[in-house]
Amino acid sequence: MRRPLRLAFAFVPTVLFLPAIARGESVAAVVETTLETGSKQIRQFAFDGDAETFFASKENPSVSDHFTLVFEQPVSVKSIAVITGQPGPESAGKLETGVLEVSTDGETFTELAKFANGEAREELHAKPIRAIRIKPTSVQDHPLAVREFTIASDPPVAVFEYPVEIAVDCSDSPEMKEWADKVARLCELWYPRLNEALKSDGYKPANYIKMRISSSYNGVAEAGGGNILGSTKFFKAHPDDVGAMIHETVHIIQRYRSRKNPGWLVEGVADYIRFFLFEPGKIGPINAKRARYDGSYRTTAAFLAYVTDKYDKSLISKLNVHMREGTYKEDLFKELTGKTVQELDEEWRESLKR
Ligand SMILES: [Zn+2]
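Residues numbered from 1 in each chain as written. Predicted model: local features only at pLDDT ≥ 70, side-chain atom pairs only at ≥ 80, totals over all residues. Heavy atoms only, no water.

Considering the packing of aromatic side chains
Stage number 1. In total, this model carries 11 aromatic pairs according to the counting rule given.
Stage number 2. Between F47 and F160, the ring centres sit 5.9 Å apart and the planes meet at 90°, which makes this aromatic pair edge-to-face. With F47 in the loop between strand 1 (29-33) and strand 2 (55-56) and F160 in the loop between strand 7 (145-154) and strand 8 (165-169), this pair connects stretches of sequence that are 113 residues apart. The burial state of F47 is the same as that of F160; both residues are buried.
Stage number 3. Geometrically, the ring pair formed by Y293 and F303 is tilted, given 5.7 Å between the ring centres and 55° between the ring planes. Taken together, the residues span a long stretch of sequence, with Y293 in the loop between helix 5 (263-278) and helix 6 (297-310) and F303 in helix 6 at a distance of 10 residues.
Stage number 4. Look at F303 and you get buried, because its relative accessible area is 0%. (Phe/Tyr/Trp six-rings, centres within 6.5 Å; stacked < 30°, edge-to-face > 60°. Helix = DSSP H or I, 4+ residues; strand = E, 2+ residues; numbered from the N terminus. Buried < 20%, exposed > 50% of the residue type's maximum accessible area, 1.4 Å probe, protein only.)

Focus: the pairing of strand 9 (residues 208-214)
Stage number 1. The pairing of strand 8 with strand 9 spans five bridges and is parallel. Counted as the bridge partner of D169 is R212 from strand 9.
Stage number 2. Pairing of strand 9 with strand 11 (residues 227-231), which is carried by five bridges, proceeds in the parallel orientation. For K210, the partnering residue across the bridge sits in strand 11 and is N227. (Pairing = 2+ DSSP bridges.)

Comments concerning the UniProt feature "domain: F5/8 type C" (unreviewed entry) in the protein
Stage number 1. According to UniProt, the "domain: F5/8 type C" (unreviewed entry) feature falls on residues 41-142.
Stage number 2. Secondary structure content for residues 41-142 is 0% helix and 48% strand, and the end C-alpha separation is 15 Å. (UniProt positions renumbered as here; feature names shortened; annotations may be inferred.)

Things to note about helix 6
Stage number 1. Counted at 1.5 Å a residue, the expected span for helix 6 with its 14 residues is 20 Å, and the 20 Å between its end C-alpha atoms agrees.
Stage number 2. For helix 6, a buried count of 10 out of 14 residues is recorded, marking the element as mostly surrounded by other parts of the structure.
Stage number 3. Taken as a whole, helix 6 has its buried residues at T299, T300, A301, A302, F303, L304, A305, Y306, V307 and T308.
Stage number 4. Buried positions along helix 6 lie against helix 5, helix 7 (315-325), helix 8 (332-337) and helix 9 (341-353). (Expected span 1.5 Å × (residues − 1). Contact = heavy atoms within 4.5 Å.)

Looking at the coordination of the zinc ion
Stage number 1. Donor atoms from the polypeptide that coordinate the zinc ion comprise H247 (NE2), H251 (NE2) and E267 (OE), at 2.0 to 2.1 Å from the metal.
Stage number 2. Sequence spacing among the residues donating to the zinc ion works out to H-x3-H-x15-E. Residue H247 and its partner H251 are both found in helix 4 (residues 243-254); the two are separated by four residues, about one turn of the helix. The pair H247 / H251 is uniform in exposure class, with both members buried. (Donors = N, O, S within 2.8 Å, 3.2 Å for Na, K, Ca; no water.)

A look at the nonpolar core
Stage number 1. Ranked by internal contacts, the top residues of the largest apolar core, which has 68 residues, are W179, M211, M245, L265, F303, L304 and F333.
Stage number 2. Ranked by residue count, the leading element in this core is helix 2 (residues 177-197), at 10 residues.
Stage number 3. Among residues more than four places away in sequence, those in contact with L304 are L265, G268, V269, Y272, L315, I316, L319 and F333.
Stage number 4. Core analysis: the next-biggest nonpolar cluster, separate from the first, contains 30 residues, V82, F115, I151 and V157 among them. (Core = buried A, V, L, I, M, F, W, Y, C linked by side-chain atoms within 4.5 Å.)

Comments concerning empty space enclosed by the protein
Stage number 1. Scanning the model with the defined rule gives three cavities of 30 Å³ or more in all.
Stage number 2. The volume enclosed by the largest cavity comes to roughly 50 Å³.
Stage number 3. A29, V30, V31, R43, Q44, F160, E188 and L189 together form the lining of the largest cavity.
Stage number 4. Sorting the residues of the lining of the largest cavity by element identifies strand 1 and helix 2 as the ones contributing at least two each.
Stage number 5. The element best represented in the lining of the largest cavity is strand 1, accounting for three residues.
Stage number 6. For the lining of the largest cavity, the per-class residue count stands at five nonpolar, one polar and two charged. (1 Å grid on protein atoms, 1.4 Å probe; cavity = no way out; pocket = protein on both sides within 12 Å on 5 of 7 lines; lining within 4 Å. Points joined across faces, edges and corners; volume = space filled by probe spheres on them. Nonpolar A, V, L, I, M, F, W, Y, C, P; charged D, E, K, R; others polar.)

Some words on the side chain of T249
Stage number 1. Looking at where T249 falls in the secondary structure, it is placed in helix 4.
Stage number 2. Given the relative accessible area of 0%, T249 is considered buried.
Stage number 3. A polar side-chain atom of T249 sits 2.7 Å from the main-chain carbonyl oxygen of M245. (Polar contact = N/O pair within 3.5 Å; in protein donor to acceptor, adjacent residues only side chain to side chain.)

Looking at the pattern of salt bridges
Stage number 1. Applying the stated rule across the entire model yields 22 salt bridges.
Stage number 2. As a salt-bridge pair, K114 and E111 come within 2.8 Å of each other at their nearest N and O atoms.
Stage number 3. Close ionic contact of E347 with K339 constitutes a salt bridge, the shortest N to O distance being 2.7 Å.
Stage number 4. With a relative accessible area of 18%, E347 lands in the buried category.
Stage number 5. Residue classification places K339 among the partly exposed residues on the basis of a relative accessible area of 28%.
Stage number 6. One continuous salt-bridge network, built from bridges that share partners, spans R43, E165, R185 and E188. (Salt bridge = Lys/Arg side-chain N within 4 Å of Asp/Glu carboxyl O.)

Observations concerning the packing of helix 6 against helix 7
Stage number 1. Closest axis-to-axis distance for the helix 6/helix 7 pair is 9 Å, and the angle between their directions is 115°. For the pair helix 6 and helix 7, contact is made by L304, V307 and T308 and by L315, I316 and L319, respectively.
Stage number 2. Across the contact of helix 6 with helix 7, the residue classes tally to five nonpolar, one polar and no charged. (Axes fitted to C-alpha atoms, helices over the stretch in contact; angles between N-to-C directions.)

Structure (structure tokens):
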């Protein structure tokens, strides 16, 4: 069944966008489309700065379909070019008849150019644009391939540097589909920032993740083998707990395989990213009497935040590299800070009492 993919920007708290804009950097984009993805040729491949990768639809598009790039805020666009059809001499999947449309508010669209030989391009004289979309003007007799959007604008729109698609499976809980779609889009939106925090040389993160919400699963949420599993019961009762899915997305990015990595630290890093990058200020109080550095989850996250602030701003990044490469050892804390983990623990617990 084909269902429209509705992305509610209202769902994404504005504050989550603010840091990037405040720094005067590029603007983020999301893809909205009615088209399902075919053969893992994910949506974000259409705007990843690489014309060799492409989005492919599963079905043949019709006039009610669209493929839209929405920006987090309007940008002053100078030119747009869109190329459809797969790379290679046959260039399968070209848009035969269709238009390129733009919108200043993300809702009302006007035609900008017609596609000819699968391509459309136009100059815009610095018009403020919030969204750009491809629309077929007749039923196509084959699936659509979108190779690349190229946009010149001020500020620039960031291409998907870590292209990803989180495919939602709610087959046993269809009532969770809308929630899961929104959470999947949110995790996709955060994927670049999570990856920046946990990058390492030669590491390429997954670009296709399955997120299944299941009524027969009795835990809260878990990640493994490139998949995320969440509980229908839990998320029905706690729809605001999207941070739990950010935590699982971090596990996918960590992709640690070494048995030398202590579980408390793996969970602590995931919760550090959640509580100090994604939702700062939400960690809640840490009990000074019972806290221990290896208390896992948010307790370890708070410990890591203390050591990061006081000793090494790139602590998480360094721990991540060692855990990913299988070279983690407890002495690392001493090497990085000059103090053993036990000494740091005592210092941190003392600071909690103040
Ligand atoms: Zn976890």
